[in-house]
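Given next are the chains, with one letter for each unit.
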Number of protein chains: 2
Amino acid sequence: MDRLTGGQERLVGDRLRHADPAAVLRAARAAGRTTLTAPEGRLLAAAYGIPTPAEGLAESADEAVELAGQIGGPVALKIVSPDIPHKTDAGGVRVGLSSAAEVRDAYTEVVRNAAAYAPEARVEGVQVQQMVPEGLEVLVGAVTDPTFGKVVAFGLGGVLVEILKDVTFRLAPASMTDAESMLDDIRAAEVLRGVRGGPAVDRTALADLIVRVSRLAADFPEIAEVDLNPVFAAPEGVLAADVRIVLGDGPPPRRRRYAKEEILASMERLMRPCSLVVIGASNEPGKIGHAVLRNLLDGGFDGAVHPVNPKGGDILGRTAYRSVADVPDGADVAVFAIPAPLLPAALEEVGRKGIPNAVLIPSGFAETGEHALQERLVAVAEKYGTRLLGPNIYGYYSPWQRLCATFCTPYDVTGPVALTSQSGGIGMAVLGFARATRTGVSAIVGLGNKADVDEDDLLTYFGADPRTRSIAMHLEDLKDGRAFVEAARETVREKPVVVLKAGRTGAGAKAAGSHTGALAGDDAVYDAVLRQAGVIRAPGLHEMLEYARALPVLPAPKGENVIIITGAGGSGVLLSDAAVDHGLRLMTVPDDLDAAFRRFIPPFGSAGNPVDITGGEPPATYEATIRLGMTDPRVHALVLGYWHTLVTPPMVFAELTARVVAEFRAAGIEKPVVVSLAGDTEVEEASAYLFERGVVAYPYTTELPVAVLGAKYRWARAAGLLPGGGAR
Amino acid sequence: MDRLTGGQERLVGDRLRHADPAAVLRAARAAGRTTLTAPEGRLLAAAYGIPTPAEGLAESADEAVELAGQIGGPVALKIVSPDIPHKTDAGGVRVGLSSAAEVRDAYTEVVRNAAAYAPEARVEGVQVQQMVPEGLEVLVGAVTDPTFGKVVAFGLGGVLVEILKDVTFRLAPASMTDAESMLDDIRAAEVLRGVRGGPAVDRTALADLIVRVSRLAADFPEIAEVDLNPVFAAPEGVLAADVRIVLGDGPPPRRRRYAKEEILASMERLMRPCSLVVIGASNEPGKIGHAVLRNLLDGGFDGAVHPVNPKGGDILGRTAYRSVADVPDGADVAVFAIPAPLLPAALEEVGRKGIPNAVLIPSGFAETGEHALQERLVAVAEKYGTRLLGPNIYGYYSPWQRLCATFCTPYDVTGPVALTSQSGGIGMAVLGFARATRTGVSAIVGLGNKADVDEDDLLTYFGADPRTRSIAMHLEDLKDGRAFVEAARETVREKPVVVLKAGRTGAGAKAAGSHTGALAGDDAVYDAVLRQAGVIRAPGLHEMLEYARALPVLPAPKGENVIIITGAGGSGVLLSDAAVDHGLRLMTVPDDLDAAFRRFIPPFGSAGNPVDITGGEPPATYEATIRLGMTDPRVHALVLGYWHTLVTPPMVFAELTARVVAEFRAAGIEKPVVVSLAGDTEVEEASAYLFERGVVAYPYTTELPVAVLGAKYRWARAAGLLPGGGAR
């Protein structure tokens, strides 16, 4: 006899773990359903150890008492009859039954009531169900994100949080550490720890539930959404009152992936080539094939550069080959500057020639709706193992090679910053900003349509490239979110990765079959997953550019204690505001250190933090207090607020600050030092002087230096360099 | 016989409005209490028409039935006995009683139960209480803010919102319009309109309740806090389940206020003086009294400047007077550059001379703990009606008068921007930024300790000053929040006011006697009240400076329809993100306009909004689409995204854009146009060219131009220039 809702067993509970979820899913599919029934949902939940209320069907008072005993807590009894849809009206429900006697009486009563209410009704028995304990309502779910695949969601349940969208996500399957971090990640995290003297929920049980849901979703591609809403979280444990599972088509086909060694091998030849061919090279100024060749030749690249043009002849003083097949020896990179329709055939020749990298400048592919043409390129490339950069890009710069494979203006300031952009316009802003700030660059790469090479390839290369010390990427989408996260995690251990994800607010409405689905707006998932990957998300283009150039200037902090030293009390207040905004911890200054600062500052100045040395102080006061901050090992980073005065002019301040920082660096003591300079225009020169000497300094802003330090800290925490850190 | 909890009447309700709140408050004070009892709270509530559950005391079943009839809805009965603290345990509570028969039976039952439970108990009767209807829990309260005095608070009740701090404030008393705007001001505003098909609350009743609470708080200085938590808000009305009132010491003494005419009269003489005296003028370079006199003389001020120095003689070529008393004729301004301890006596002389304005550069007053010395200054000033600027300031600039009454470097670029700073350091940043950007300035004023003249005086003056078209103020506190709000409201009708309020995050914990008090962190109140006053709050120093210089460049928008026209699709996405961030409404482009745009752009470009003209387009495409946006009266503002290409170089774009905007301006069509330029460094020159011609343009950033436009819109809404606007 089968008394169990769902069909296998008498009592839902541990025993149900024997149910075969795959069989349940197959059956639902076979029945043409895209949503599991509640009993099916409970079966899957049970199979994954996701606690739902225990329940069973009793056909006698004795059985009811036995079931209640097995459940072992207060139970509810509900009449089960296909002819009594409204059980309560029929007097067919009794709740809060604890003792055997209560259960026995209630059984008799609901059966009698039902008989009185509907004498003809077929009664199948009485459902004995565990009472849901009082607890905080939370939501645990999983969805299939178009970029990242299965992600698990957690938030507080209830209408308010649905509106306030206080929910967080992690890639599924999630680890216990991931799940525990989710509990701290929501804005209302405090509620879980108990408020107004209330009890805290069982965090371990809740995190365990999240892990189980993430595994269920990850194990079955055909599960599109899982929605446990509400889950009751109490000090004694957690219980999912409702399990909703939506089926889907499974994941979209995955892009071809290359092994790390393959990526590094082709990228090395792309970024440090010995020879290039320019297909579509031209003598005609104004043509892209002319600009690219000229930039390559003028830029000072010392490898071989071969023009290719069906007309042959001489182009910019070099012999042009009629076909890439005619080029002597091989080449590392083929740069294409020919119309889109001619590209597949030319790419075929490049493939046959064994050139490993194709840089596809032309537009006229997916971005203009020509998806088929782009797919043809990809097919040719895959046939020959040729990697494609683009199409629809400005090209790329590799300044250490003096390589400007672009139609834009050359750039030759070498340094540690690697920059990529999906959009050509943003690429031009990157170039202009780099030139305006003389940012030393290891690469600027256009990614465009990302038919093949994308951010994860570049992250893998830049992560391994010893000349790159910070990476900044503008992106509008990720073609393979999982590959990006993997590459980012590995790279972030060594160097900061800044991401400007465009399209934050344009997500728009998404059709979704569950609450979790509705909460998973594109950006909410991006935001959580990018943080999980340890990248620094820049709020805008300007910040991306400033973080990229400033982060490698600063040494990594060794602890969380930040001190502000300021000549202007007004700057001190604004710097404190900014420190809180950017997640920095202003050190509570120990008494001895406080006393040490006080020895250098006027009696009406204020120690504590900010240390306000007051405006009229001479260079010696700045120097003494900065030295103190550098010396004390309990201090991990300095934020300086300079005030332009007659007594301490800007360049005097800049010189002493740079000198002190350099002196400590020479002695092996490195701490990040950032400066806000308030003053007349001489502070611009002073800022530049400091920046060039390893002190990140900006005029007329109290926010930007602190934002940069905040970004450095975010990276240091993600890279595991700080106690209590970890990817958040 | 007196059956009413609270003491006056039988049934709390309309009749209770006769209660005298002042008498209740006096009685509580006389009893030495700082918190009203619940019945006292209900009395005050009733007197102000704040609905609380109706209730009364019945001594017989008949009386209970009568009371229940008067209450007219479901009621609860509760035994009233000083000897039965736990009513429920005694079976002394019955709820949900609707009919007379139920009430009668319940009365008998609770009395019998009580007698059985505690035979010796003195029973005073049975409380008959209106059942609180189901409804959304909200919080309505009032607190006494140190800056703004009485403010009324509104938020959603419950533990989540207490943690998420989703609460808003308005000055008390609040108007019905204020109160209605509060309902939309919280993040969870949607909940009040009904969610998941649930009903909306009675917004009029809720707003009315807020108004009544605000009046109660405003009417009685001795009420420190009012806390109605929870208020149940339902479709049928609202009911305050609990009323908590905390008494305090009344408001702090108010600063002396001057009438608008008095302010304008003295400020006019400060900002446009005919003659100044410099007290403490010196021949010694490095002394402040030297620098001030030199700046006045070198700056080109064409009024009289008289040095005063007890040694007399000749200073910088001018005859120095030994005392201000010796100066022939009068003067409009006395600038002080003497040590703090000498200041009161010198100020006395200035007062006797009838000089209306004293500019107090020296420090060494309240900011160093010398409060008494500062109070002496104020006392002298009030005796003579002398207005004080400072102390502890760098002085002030009035460029239209070529007046540099400061010890800093002169500044002579005249224009429409008035800037003030509380801090000297920030003042120096203001000066440097202005010089670096060649911002045309009408005034730069240091406010320092604000012993007398403060932001409201300057707002009043700048509001009336025809040369000032935008005002930006850095402030750390307000000495008279109400006066500021009054002056700001009046000024904002005519010109934008930007405020950088420092100390946002430093509020720290505040002792509070109620939930409302705990929610009213300094910044939460500042933020809400500043918005209510219609000022634009800048998130940081950099934004304050940019808004100040850019806002007067743009004409006011005449509607909310913003269109983005971009050459770079990538910029379009980032500009859209920024538009949403800054509260702009991207126009849904009508079909005919969409078709008109499409005629100018390539087939693979995209109309809609952003209008993506694509990267390779010539100047004519930019020009045609910008003209279209300027021409169509349904479009109210343009955001342009320029992409540096060979086909349309930066200066070509800048020239055509400036020309088109000027042409329309000449024809009487003015719309704000802002531009983000992505490109190589030539875009810097192009941005400057545009800025000088009335088009706000920035290189390398997609955020700043949109942030400026957003600020302009915030002002236009606050100034009532846009339909559906108003101070928010």
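Just so you know, these numbers come straight off a predicted model, no measurement behind them.

Calculation rules
- Residues numbered from 1 in each chain as written.
- Chains lettered and ligands numbered in written order.
- Predicted model: local features only at pLDDT ≥ 70, side-chain atom pairs only at ≥ 80, totals over all residues.
- Heavy atoms only, no water.
- Helix = DSSP H or I, 4+ residues; strand = E, 2+ residues; numbered from the N terminus.
- Buried < 20%, exposed > 50% of the residue type's maximum accessible area, 1.4 Å probe, protein only.
- Areas by Shrake-Rupley, 256 points an atom, 1.4 Å probe, with all protein chains shown as cover.
- Lys, Arg positive; Asp, Glu negative; His and termini not counted.
- Charge placed at Lys NZ, Arg CZ, Asp CG, Glu CD.
- Least-squares fit on C-alpha atoms with pLDDT ≥ 70 in both.
- Contact = heavy atoms within 4.5 Å.
- Salt bridge = Lys/Arg side-chain N within 4 Å of Asp/Glu carboxyl O.
- Polar contact = N/O pair within 3.5 Å; in protein donor to acceptor, adjacent residues only side chain to side chain.
- Domains from an automatic or database assignment.
- Buried area = accessible area lost by both parts, 1.4 Å probe.
- Expected span 1.5 Å × (residues − 1).
- Arc of directions from axis to C-beta.
- Pairing = 2+ DSSP bridges.
- Axes fitted to C-alpha atoms, helices over the stretch in contact; angles between N-to-C directions.
- UniProt positions renumbered as here; feature names shortened; annotations may be inferred.

(A) Examining the overall build of chain A more closely. If you tally the helices and strands in chain A, you get 24 helices and 30 strands. In terms of overall dimensions, chain A has C-alpha extents of about 100 × 80 × 35 Å along its principal axes. Across the 728 residues that make up chain A, the buried fraction comes to 60%. With the model as given, the accessible surface of chain A reaches about 26,900 Å², and the carbon-plus-sulfur share is 52%. Averaging the coordinates of the 72 positive side-chain charges in chain A and doing the same for the 89 negative ones gives two points 4 Å apart.

(B) Layout of the relation of the copies chain A and chain B. Taken as rigid bodies, chain A and chain B are interconverted by a rotation of 180° and an axial shift of 0.1 Å, the fit giving an RMSD of 0.1 Å. Both copies are brought into coincidence by an operation consistent with a two-fold rotation axis. The fraction of interface residues of chain A whose copies in chain B are also interface residues reaches 100%, indicating that both copies meet through the same surface.

(C) Representation of the interface of chain A and chain B within the structure. Counting from both sides, the interface comprises 68 residues of chain A and, opposite them, 68 residues of chain B. Across the contact surface, chain A and chain B share two salt bridges. Between B:Arg435 and A:Asp680 there is a salt bridge; the shortest N-O distance is 2.7 Å. In this assembly, chain A and chain B are joined by 12 residue pairs in polar contact (both at pLDDT 80 or more). Elements represented by at least two residues in the side of chain A that touches chain B include exactly helix H5 (159–164), helix H7 (189–192), helix H13 (424–437), strand S23 (497–501), helix H18 (541–550) and helix H19 (569–581) of chain A. With 10 residues, the top contributor of residues to the side of chain A that touches chain B is H13(A).

(D) Quick peek at the domain arrangement of chain A. All names here are of chain A. The domain boundaries assigned to chain A delineate domain 1 (6–130), domain 2 (136–247), domain 3 (260–550) and domain 4 (561–718). Taking only C-alpha atoms, the centre of domain 3 and the centre of domain 4 are 39 Å apart. Facing the 12 residues of domain 3 at the interface are 11 residues of domain 4. Of the roughly 1,000 Å² buried between domain 3 and domain 4 on both sides combined, carbon and sulfur atoms contribute 69%. Of all residues in domain 3, the largest losses of buried area upon contact with domain 4 belong to Ile 536, Tyr 547 and Ala 550, amounting jointly to 46% of the total for that side.

(E) Structural view of helix H12 (residues 371–384) of chain A. All names here are of chain A. Compared with an ideal rise of 1.5 Å per residue, which puts 14 residues at 20 Å, H12 spans 20 Å between its outermost C-alpha atoms and is within 8% of the ideal. Turning to H12, its buried residues are Leu 373, Gln 374, Leu 377, Val 380 and Ala 381. One side of H12 holds all its buried residues, which, seen down the axis, span an arc of 120°. Opposite its buried face, H12 presents the exposed residues Ala 372, Glu 375 and Lys 383, each directed more than 90 degrees away.

(F) Layout of the sheet that holds strand S20 (residues 414–421) of chain A. If you trace the seven strands from one edge of the open sheet to the other, you get S19-S18-S21-S20-S22-S23-S24 (chain A), paired in mixed fashion. The open sheet has two free edges, formed respectively by strand S19 (403–406) and strand S24 (536–537) of chain A, since each of these has just one partner strand.

(G) Looking closely at the sheet that holds strand S4 (residues 125–130) of chain B. Residue and element names in this part refer to chain B. Pairing is antiparallel in the open sheet, where four strands are placed in the order S1-S4-S2-S3. The sheet is open, and its two borders are formed by strand S1 (55–58) and strand S3 (93–97), each paired with just one other strand. Strand-to-strand, the axes of this sheet are offset by a mean angle of 20°, without reference to chain direction. Taken together, the six bridges between strand S2 (residues 75–80) and S4 define a ladder with antiparallel strand orientation. Across the sheet, residue Leu 77 finds its bridge partner in S4, namely Val 128. Each of S1, S2 and S4 is contacted by helix H3 (residues 61–71), which is oriented at about 170° to S1, the strand it contacts most. Lying over the sheet, helix H4 (residues 100–117) contacts S1, S2, S3 and S4, oriented at roughly 170° with respect to S3.

(H) Summary view of the pairing of strand S5 (residues 136–145) of chain B. Residue and element names in this part refer to chain B. In terms of burial, S5 is a largely internal element, seven of the 10 residues being buried. Across seven bridges, the pairing between S5 and strand S8 (residues 223–234) is antiparallel. The partner of Glu 137 across the bridge, within S8, is Phe 232. Pairing of S5 with strand S6 (residues 149–156), which is carried by eight bridges, proceeds in the antiparallel orientation. Within S6, the residue paired with Leu 139 across the bridge is Gly 155. If you look at the hairpin formed by S5 and S6, you'll find three residues sitting between the two strands.

(I) Spatial organisation of the pairing of strand S9 (residues 237–240) of chain B. All names here are of chain B. The alternating pattern of S9 places Gly 237 and Leu 239 on one face and Val 238 and Ala 240 on the opposite face, and all of these are buried. Of the strand pairs in this sheet, S8 and S9 are connected by four bridges, and their pairing is antiparallel. Bridging across to S9, Phe 232 finds its partner in Leu 239. Where S8 folds back onto S9 in an antiparallel hairpin, the turn is made up of two residues.

(J) Fine view of the UniProt feature "domain: ATP-grasp" (unreviewed entry) in chain A. Within this structure's numbering, the places UniProt gives as "domain: ATP-grasp" (unreviewed entry) are residues 42–78 of chain A. Overall, residues 42–78 of chain A shows 46% helix and 22% strand. The separation of its end C-alpha atoms is 18 Å.

(K) Layout of unusual backbone geometry. All names here are of chain B. Following Asn 229, the chain continues to Pro 230 via a peptide bond in cis, the omega torsion being 5°. In this chain, Asn 609 is followed by Pro 610 through a cis amide linkage whose omega measures 5°. Within the fold, Pro 610 resides in the loop between helix H20 (591–598) and strand S27 (611–612). One non-glycine residue with positive phi stands out, namely Arg 402, at about 50°. Among the secondary structure elements, Arg 402 is positioned in the loop between strand S18 (395–398) and strand S19 (403–406). Overall, Arg 402 belongs to the partly exposed group, its relative accessible area being 44%.

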